[in-house]
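Examining the three-dimensional arrangement
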Amino acid sequence: MQMATKLREVDHEARRLGGRSASLPCLVRITPGPILTIYHSADAPCGRVQYTSNFRRVTEAKAKDSSPYFRLERCTACHWGNAAKIHGQRLLNDS
Ligand SMILES: [Zn+2]
């Protein structure tokens, strides 16, 4: 019971940390195509990311600034909750 509570706390902390980290790994398309408006999660991508070689892996801060004209948005199909958790876990492990 206590273990479960502890795990939930760690899980929550990981999501919190990862979700607001500017270093969250993201993918920005580098192949020709429609104008870029979004970026994807690198850790929990949606089905539109089939070949990671078509994307540049950058931090979320950089991903937002990938267009000279406007800020890119998060893809709504990617699993950002999972991405936050994975990245948060990474941050917790590194500290
Ligand atoms: Zn996506």
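The paragraphs below set out a description of the structure included in this document.

Rules used in this analysis
- Residues numbered from 1 in each chain as written.
- Predicted model: local features only at pLDDT ≥ 70, side-chain atom pairs only at ≥ 80, totals over all residues.
- Heavy atoms only, no water.
- Helix = DSSP H or I, 4+ residues; strand = E, 2+ residues; numbered from the N terminus.
- Contact = heavy atoms within 4.5 Å.
- Polar contact = N/O pair within 3.5 Å; in protein donor to acceptor, adjacent residues only side chain to side chain.
- 1 Å grid on protein atoms, 1.4 Å probe; cavity = no way out; pocket = protein on both sides within 12 Å on 5 of 7 lines; lining within 4 Å.
- Points joined across faces, edges and corners; volume = space filled by probe spheres on them.
- Nonpolar A, V, L, I, M, F, W, Y, C, P; charged D, E, K, R; others polar.
- Donors = N, O, S within 2.8 Å, 3.2 Å for Na, K, Ca; no water.
- Tetrahedral: all angles 85-135°; square planar, octahedral: opposite > 155°, others 65-115°.
- Buried < 20%, exposed > 50% of the residue type's maximum accessible area, 1.4 Å probe, protein only.
- Expected span 1.5 Å × (residues − 1).
- Arc of directions from axis to C-beta.

Below, the discussion takes up the environment of S41. Its place among the elements puts S41 in strand β2 (residues 38-41). In this structure S41 touches P25, C26, L27, C78, W80 and A83, once residues within four positions along its chain are discounted. Only 3.2 Å separates the side chain of S41 from the backbone nitrogen of D43, close enough to count as a polar contact. Here A44 takes part through its backbone nitrogen, which lies 2.9 Å from a polar atom of the side chain of S41.

Here the largest pocket defines a volume of roughly 160 Å³. As for the largest pocket, its lining consists of L27, V28, R29, P34, I35, L36, T37, I38, Y39, H40, R48 and F55. Counted by class, the lining of the largest pocket contains eight nonpolar, two polar and two charged residues.

Reference values for angles at a metal are 109.5 degrees in the four-donor tetrahedral case and 90 or 180 degrees in the six-donor octahedral case. For the zinc ion, the full set of protein donor atoms is H40 (ND1), C46 (SG), C75 (SG) and C78 (SG), and the range of their distances to it is 2.0 to 2.4 Å. What the four donor atoms of the zinc ion show is an angle range of 105 to 117° at the metal, which sorts the shape as tetrahedral. Taken in chain order, the donor set of the zinc ion reads H-x5-C-x28-C-x2-C. The exposure classification of C75 matches that of C78, with both residues buried.

All right, on to helix α3 (residues 80-94) then. Over its 15 residues, α3 runs 21 Å from end to end, which matches the ideal 21 Å to within 8%, given 1.5 Å per residue. Along α3, the residues classified as buried are W80, A83, A84, H87 and G88. Looking down the long axis of α3, one finds its buried residues gathered within 125° of arc, a one-sided arrangement. The secondary structure elements touched by the buried residues of α3 are α1 (2-19), β1 (25-29), β2 and β4 (73-74).

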